[in-house]
2 protein chains.
Amino acid sequence: MAKYNNINLAELTQLASALSDASRVRAFMALTQGELCVCQIVELLGLAPSTVSKHMAVLCQAGFVQSRKQGRWVYYSVSPNLSTAAICQMQQWVTNNLKNDGTVKQDRKKLRAIKKMDTEQLCKNQRKG
Amino acid sequence: MAKYNNINLAELTQLASALSDASRVRAFMALTQGELCVCQIVELLGLAPSTVSKHMAVLCQAGFVQSRKQGRWVYYSVSPNLSTAAICQMQQWVTNNLKNDGTVKQDRKKLRAIKKMDTEQLCKNQRKG
DNA sequence: ATTATATTTTGCCATATAACGAATTATATA
DNA sequence: TATATAATTCGTTATATGGCAAAATATAAT
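What counts, and where the lines are drawn
Residues numbered from 1 in each chain as written. Chains lettered and ligands numbered in written order. Predicted model: local features only at pLDDT ≥ 70, side-chain atom pairs only at ≥ 80, totals over all residues. Heavy atoms only, no water. Helix = DSSP H or I, 4+ residues; strand = E, 2+ residues; numbered from the N terminus. Rg over C-alpha atoms; globule rule 2.2 N^0.38 Å. Buried < 20%, exposed > 50% of the residue type's maximum accessible area, 1.4 Å probe, protein only. Areas by Shrake-Rupley, 256 points an atom, 1.4 Å probe, with all protein chains shown as cover. Lys, Arg positive; Asp, Glu negative; His and termini not counted. Charge placed at Lys NZ, Arg CZ, Asp CG, Glu CD. Least-squares fit on C-alpha atoms with pLDDT ≥ 70 in both. Contact = heavy atoms within 4.5 Å. Near = heavy atom within 4 Å. Polar contact = N/O pair within 3.5 Å; in protein donor to acceptor, adjacent residues only side chain to side chain. Axes fitted to C-alpha atoms, helices over the stretch in contact; angles between N-to-C directions. Parallel < 35°, antiparallel > 145°, perpendicular 65-115°, else oblique. Pairing = 2+ DSSP bridges. Salt bridge = Lys/Arg side-chain N within 4 Å of Asp/Glu carboxyl O. 1 Å grid on protein atoms, 1.4 Å probe; cavity = no way out; pocket = protein on both sides within 12 Å on 5 of 7 lines; lining within 4 Å. Points joined across faces, edges and corners; volume = space filled by probe spheres on them. Nonpolar A, V, L, I, M, F, W, Y, C, P; charged D, E, K, R; others polar.

Colleague: What is the right way to look at the overall build of chain A in this model?
Modeller: Across its full length, chain A holds seven helices and three strands. For chain A, the α and β elements follow one another from N to C terminus as α-α-β-α-α-β-β-α-α-α. For chain A, the C-alpha radius of gyration of 15 Å lies close to 14 Å, the compact-globule estimate for 129 residues. Projecting the C-alpha coordinates of chain A onto the three principal axes gives extents of approximately 50 × 35 × 25 Å. Burial analysis of chain A (129 residues in total) assigns 44% to the buried set. As displayed, chain A has an accessible area near 6800 Å², and 49% of this comes from carbon and sulfur atoms. Seen as two clouds, the 18 positive and the 8 negative side-chain charges of chain A have centres 3 Å apart.

So, in structure tokens, the structure goes:
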């Protein structure tokens, strides 16, 4: 079915703003490889949990990602966007254009390692260091 | 011919940043109707010339628009982007998604009036008021 | 040459944003 | 029930950004 929802100027600048920060774009690109919990994104980006949390909130509010809570963990994933064409198009644009970016490639590699780790252990290590 | 130039993370966030401000997006949308000199954009947006100049520099540096100087006037226009696919795609995305935006519609109307005015007279009025 | 003027650059101010650590919240475990 | 903990919110700081006015630049007109 065709997507017909229009966005307005404010919504467009909100979408653009969400993608105006490298850490947020990296987080989004990481999620295109599958859902991640906050501590995994923290590990990937090397930022404080509070900072990552705020970044994810921005991506969520823009509509690029969604979250689900399971126990103490919150998992983020790329939103399916059944309604808004503009968001789908931007998701595609980011994904396609950064497919071969150096940082994104490195992140993918690091991400594979992170996913192999036990999440409990990952969090424990983050508390210490 | 297919466009194959890739962009990196920094370039992508630069493009997004350029579109993260409503005044800049309005200026860009105005230029999709044809080239404009600075004073015409000043008239449309109701901002100081220095502010508009800075906005246009940001759009230029990102690659969304280009400028040509003719005498004392500088004309801005949507860049043809023969090289970078990412920029073309974003130009299309903005144009398509804001086609029916309220502010953009108002701007188009105001723009038709501005284009009918004598540019010399327009500048003269701006110096006064 | 001198003056006028369209645009840009510079300097400044107010606000927005990214970062962190500390405090808070919500959930699981002992 | 009390404790531990993953994530968020809050408070603070440093930097970035948008806005204007004034100064500087470049070009046209006198």
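Colleague: Hey, could you run me through the relation of the copies chain B and chain A in this one?
Modeller: Between the two chain copies there is a screw-like relation: a rotation about an axis and a shift along it. Once turned by 180° and shifted 0.0 Å along the axis, chain B lies on chain A with an RMSD of 0.0 Å. Such values leave the two copies arranged in the relation of a two-fold axis. Using C-alpha coordinates, one finds that chain B approaches the rotation axis most closely at Ala16(B), a distance of 2.4 Å. Interface overlap between copies: 100% of the residues of chain B at the interface are likewise at the interface in chain A, consistent with a symmetric, same-surface contact.

Colleague: I tried to follow the protein's contact with DNA strand C on my own but got confused; where do I start?
Modeller: The immediate surroundings of DNA strand C are formed by 24 residues, with His55(A), Ser50(B), Ser53(B), Tyr76(B) and Arg127(B) found nearest. Counted by atom, the contact set of DNA strand C within 4 Å of the protein is 79% sugar and phosphate. Within the side chain of Lys54(A), an N or O atom sits 3.4 Å from a base nitrogen of DNA strand C. Between Tyr76(B) and DNA strand C, the recorded distance is 2.6 Å, taken from a side-chain N or O atom to a phosphate oxygen. Taken together, the elements giving at least two residues each to the surface near DNA strand C come down to helix 2 (22-31) and helix 4 (49-62) of chain A together with helix 3 (38-45), helix 4 (49-62), strand 3 (73-78) and helix 7 (119-128) of chain B.

Colleague: Honestly, the packing of helix 2 (residues 22-31) of chain B against helix 4 of chain B in this entry has me stumped. Any pointers?
Modeller: Relative placement of two packed helices is described by the angle separating their axes and the distance separating the axes. Residues and elements named next belong to chain B. One can describe the packing of helix 2 onto helix 4 by two numbers: an axis separation of 10 Å at closest approach and a directional angle of 70°. Taken together, the axes of helix 2 and helix 4 are roughly perpendicular relative to one another. Where helix 2 approaches helix 4, its residues Ser23, Arg24, Ala27, Phe28 and Leu31 are matched on the opposing element by His55, Met56, Val58 and Leu59.

Colleague: I'm lost on the sheet that holds strand 2 (residues 65-70) of chain B in this one. Help?
Modeller: All names here are of chain B. Spatial strand order, 1-3-2: three strands in an open sheet with antiparallel pairing. Each edge of the sheet is formed by a strand with only one pairing partner; in this case those strands are strand 1 (36-37) and strand 2. Contacts from helix 2 reach strand 1, strand 2 and strand 3 within the one sheet, and its direction differs from that of strand 3 by about 85°.

Colleague: Even after reading the chapter, I still don't get the pattern of salt bridges, so can you show me in this structure?
Modeller: Close approach of charged atoms allows side chains with opposite charge to pair. Residues and elements named next belong to chain A. Under the defined criterion, the tally for this structure stands at four salt bridges over all chains. With its nearest N and O atoms 2.7 Å apart, the salt bridge here joins Arg26 to Asp107. Linking Arg26 in helix 2 with Asp107 in helix 6 (residues 102-116), this pair joins segments that are 81 residues apart in sequence. Judged by relative accessible area, Arg26 falls into the buried class, the value being 18%.

Colleague: In this structure, what is going on with the layout of surface pockets? I would like to understand it.
Modeller: In this approach the atoms are scanned with a rolling probe the size of a water molecule, which exposes any empty space left behind. By volume, the largest pocket amounts to about 340 Å³. Cys39(A), Trp73(A), Cys123(A), Gln126(A) and Arg127(A) are, among the 13 residues lining the largest pocket, the residues nearest its centre. Only helix 3 (38-45), strand 3 (73-78) and helix 7 (119-128) of chain A provide two or more residues apiece to the lining of the largest pocket. Counting residues per element, the lining of the largest pocket draws most heavily on helix 7 of chain A, which supplies five residues. Class assignment of the residues belonging to the lining of the largest pocket gives a composition of eight nonpolar, one polar and four charged. Put simply, the second largest pocket is a space of about 230 Å³. Top contributing element to the lining of the second largest pocket by residue count: helix 7 of chain B, with four residues.

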